[in-house]
Amino acid sequence: MKISGIFEKKKALWSFEVFPPKPTADMSGVRQTLKELADLSPDYVSVTCGAGGTGNRRTAEIASVIKELGIEPLAHLTCINSSAADVERSLGELTAAGVTNILALRGDRVPGAEESKDFRHASDLAAFITERGDYDLCGACYPECHPESASPEEDIENLKKKIDAGVTHLNTQLFYDNEDFYRFSERLDKAGITVPVQAGIMPLVKKSHVDKTIGLSGAKLPGKISRMIARFYDDPDSLMAAGIAYATDQIADLLSAGARGVHLYVMNNAYVARTITNNVSSILASVNR
Ligand code: FAD
C-alpha cells in the first residue's frame, strides 16, 4: 500500500527506521528485530541505504523481509554518488523486492568520493523516479534547516522543488526541541506546502548516540537533554530510562499539537521501539479516533 494512502485514512502515522547490517554480516539478528517491530503493528518500517550505492542491495533485501512480515516497507535511496544507470538498477532491485514506497534522498557527501554527474539534489532523483513508474515518494526535511542552506527560507524554497518533482509526504531530520518543529510547520504553512510531515524522533538512549549520531545530524540539544546526558553519560541503565522518558514526552506533545505522525529512529533496538510504542499507544489511538 502507498504511504500517501495511509495518510488519507489516518490523522497520525506511527513508523520505525532500521538500518541494514554490514554486507558480510548474517541476517538473523536483523530478522529477529524486524519480527519484533512487526509485532508492534507500525504503519510502515523504513530501511536506510548508504550513499554511493553500496548499501542498496541490502536495503532491498531488508525491505523484502519487512514485506514478508506483512508490514509496508519504505526504502531509502540516495543519489549523490550514483549514475542514472546505478539508480535504474537499484530501482529494479527494489521493485523486485515488492517496494513501491521510496524515500528519495541526495545522501551525505562522502569525502573523496566522486559525485554524480546525473543527480545534484534529491529533487533530481524524485523527478527521475516519478518518470519511471508508479512509486510513492517521501522526502527528507529539516526543522532546524539543512546545514548547506543559506537560510530557512531558502531551505523551504528548495523543499518545494522536491514536492514539485513528485514527493507526496515528508519525514523530518531528528530534533530534540519541539519548538523547532512548530516553527518549521509555520514556515511550511506560509509557503503553501500542505503535504503531510512526520516528525523524526531519535530516542537518545546510548552513549554512542551522543557521540556519533547527534554530531552527524548537527541537532541542537536543549538544556533538559544536555542535563540528562551530563548526569547519565556513564550510567547505561539510567541513560536508557531517561532517553525513553524524554522521547515519550516529546511524542506526547507532538501528537497533542496535531503532528501527522512520528517516525521513530530506533537504531535496530526493538526494546526501545516496544517501550515507547506502549507508552504512547493510547494517545495515538485517541488522535486517530
Ligand atoms: P536535498 O534535498 O538535495 O538537499 C540538500 C541541500 O541542497 C539543502 O541545503 C537543500 O536546501 C538544497 N537543495 C535541495 N534541492 C535543491 C535544488 N533543486 N536546487 C538548489 N538547492 C537545492 N543519508 C544517507 O546517506 N542514507 C539514508 O538512508 C538517509 N536517510 C535519511 C532519512 C531522513 C528522514 C533524513 C532527514 C535524512 C537522511 N539521510 C540519509 C541524510 C541526508 O542524505 C542528508 O541530510 C543530506 O545532506 C541531504 O539529503 P536531502 O535528500 O535532504 O538533499
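Placed above this text is the structure.
Described in the following lines is the structure provided in the data block. Counting restarts for each chain, with residues numbered from 1 along the sequence as it is written. Confidence filtering applies because this is a predicted model: local features only for residues at pLDDT of at least 70, side-chain atom pairs given and counted only at 80 or more, and all residues used for totals across whole chains, interfaces and linings. Computation of side-chain values: all heavy atoms of the structure, hydrogens and water removed.

## Looking at the sheet that holds strand β7 (residues 197–201)
On the basis of which strands lie adjacent, the closed barrel formed by 8 strands has the order β1-β2-β3-β4-β5-β6-β7-β8 and parallel pairing. Ignoring strand direction, the axes of neighbouring strands in this sheet form an average angle of 30 degrees. Its contacts with the sheet place helix α10 (residues 236–256) against β1 (13–18), β7 and β8 (261–265), and it is angled at close to 165 degrees to β7. Note on pairing: DSSP must find at least two bridges between two strands before they are called paired. Comment: elements are numbered from the N terminus, with helices defined as DSSP H or I runs of at least four residues and strands as E runs of at least two. A fitted line through C-alpha atoms represents every axis, and for helices the fit uses only the stretch in contact; the resulting angles, taken between N-to-C directions, go from 0 to 180 degrees. Contact between two residues is taken to exist if any of their heavy atoms lie within 4.5 Å; hydrogens are not considered.

## Examining the packing of aromatic side chains
The criterion for an aromatic pair is that two Phe, Tyr or Trp rings (for Trp, the six-membered ring) have centres within 6.5 Å, with stacked assigned to planes under 30 degrees apart, edge-to-face to planes over 60 apart and tilted to the rest. Throughout the structure, instances matching the rule amount to 5 aromatic pairs. Ring geometry for Phe 119 and Phe 128: centres 5.2 Å apart, planes at 85 degrees, overall edge-to-face. According to the relative accessible area criterion, Phe 119 is buried, its value standing at 4%. Type-normalised accessible area, obtained with a 1.4 Å probe on protein chains alone, sets the label of each residue: buried when under 20%, exposed when over 50%, and partly exposed for intermediate values. Here Phe 128 falls in the buried class, since its relative accessible area comes to 12%. Between Tyr 176 and Tyr 246, the ring centres sit 6.4 Å apart and the planes meet at 55 degrees, which makes this aromatic pair tilted. In this pair, Tyr 176 sits in the loop between β6 (167–172) and α7 (178–191) while Tyr 246 sits in helix α10, placing the two residues 70 residues apart along the sequence. As far as the burial class goes, Tyr 176 and Tyr 246 line up, both buried. An aromatic cluster is present here, built from Phe 175, Phe 181 and Tyr 182 joined pairwise through their rings.

## A word on the site of the ligand
Around the ligand, the structure places 26 residues, and the nearest of them are Cys 49, Arg 106, Tyr 142, His 146 and Ser 149. Pairs of N or O atoms within 3.5 Å make up the polar contacts considered here, provided that, within protein, one atom can donate a hydrogen while the other can accept it, and that residues adjacent in sequence are counted only when both atoms are side-chain atoms. Contacts to the ligand include Arg 106, whose backbone N or O atom sits 2.8 Å from an oxygen atom. Within the side chain of Tyr 142, one N or O atom sits 2.7 Å away from an oxygen atom of the ligand. Of all elements in the fold, only β3 (73–78), β4 (101–105), α5 (122–132), α6 (152–164) and β6 reach the threshold of two or more residues within the shell around the ligand. Here a residue counts as near a molecule or strand whenever at least one of its heavy atoms sits within 4 Å of it.

## With respect to the pairing of β8
Extensive coverage of β8 is indicated by the burial of 5 of its 5 residues. Here 5 bridges tie β1 to β8, and the two strands are oriented parallel to one another. Looking at β8, one finds that Phe 16 is bridged to Leu 264. Direction of pairing for β7 relative to β8: parallel, over a ladder of 3 bridges.

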